[in-house]
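Take a look at the letters that make up each chain.
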Amino acid sequence: QKEVEQNSGPLSVPEGAIASLNCTYSDRGSQSFFWYRQYSGKSPELIMFIYSNGDKEDGRFTAQLNKASQYVSLLIRDSQPSDSATYLCAVRGGGSYIPTFGRGTSLIVHP
Amino acid sequence: EAGVVQSPRYKIIEKKQPVAFWCNPISGHNTLYWYLQNLGQGPELLIRYENEEAVDDSQLPKDRFSAERLKGVDSTLKIQPAELGDSAVYLCASSLVAGAYNEQFFGPGTRLTVL
């Protein structure tokens, strides 16, 4: 059973701070890693993906992957109240095309 | 480019009634997914289609759930009869092809309430 673990939160950060969201996974053969943002009552929206060890930056978002330790993280710099949402980690590969989703971490950015 | 379209957006039915959800994927996307998402949980795959062929349907409760994707484009997911525990959001997603590196795009979902 492939597992993807996330702390459900909520993670509360002040506006302008760095929010750090973490995700661990059980399948060492996993190949691709995705971060989705889901606003309340809306569908998941892809914001970042990463395939290789290290960091990948896109605007205020940085995804970090460490395959040896089996974790992937998402950093959000200069957090804004509009970043308040649930962030889903999805892991794919290892012989399957089906992504396994974590339960999501709720992020609250307060003014 | 239009995104994934789903209808209806909301559905309220009584238990034991049938219900159907419709999905139109992004044009040109060969792979279509149906997910179920319970409150506070991540999406869980019900079935994946590669063109018209249903694959990865091991999580689909086949005694009451059925799905089809005629002509490899639109898809319908049906529940008959619905149970109280089926109340959830049903998400449709599509990707260009299947593969570890292909992005999925989600539709707005159908929120089902079974009374």
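What comes next concerns the included structure. (Residues numbered from 1 in each chain as written. Chains lettered and ligands numbered in written order. Predicted model: local features only at pLDDT ≥ 70, side-chain atom pairs only at ≥ 80, totals over all residues. Heavy atoms only, no water.)

**Description of the pairing of strand β11 (residues 105-110) of chain A**
Where a strand is regular, its side chains alternate between the two sheet faces. Residues and elements named next belong to chain A. Burial of the side chains of β11 is restricted to one face: Thr105, Leu107 and Val109 are buried, whereas none of Ser106, Ile108 and His110 on the reverse face is. Pairing of strand β2 (residues 11-14) with β11, which is carried by 4 bridges, proceeds in the parallel orientation. By the bridge assignment, Pro14 is partnered in β11 with His110. The pairing of strand β9 (residues 85-93) with β11 spans 3 bridges and is classified as antiparallel. Paired with Tyr87 across the two strands is Thr105, which belongs to β11. (Buried < 20%, exposed > 50% of the residue type's maximum accessible area, 1.4 Å probe, protein only. Helix = DSSP H or I, 4+ residues; strand = E, 2+ residues; numbered from the N terminus. Pairing = 2+ DSSP bridges.)

**Thoughts on the pattern of salt bridges**
Residue and element names in this part refer to chain B. The final tally for this structure, using the stated rule, is 8 salt bridges over all chains. Residues Arg48 and Glu50 are paired through a salt bridge, measuring 2.4 Å at the closest nitrogen-oxygen approach. Here the two residues Arg48 and Glu50 agree in accessibility, since each one is buried. Among the salt bridges present, the one from Asp86 reaches Arg64, with a minimum N-O distance of 2.6 Å. Here Asp86 is found in the loop between β8 (75-79) and β9 (88-95), whereas its partner Arg64 is found in the loop between β6 (53-55) and β7 (65-68), with 22 residues between them in sequence. When salt bridges with common partners are traced through the structure, they connect Arg48, Glu50 and Asp56 into a single cluster. (Salt bridge = Lys/Arg side-chain N within 4 Å of Asp/Glu carboxyl O.)

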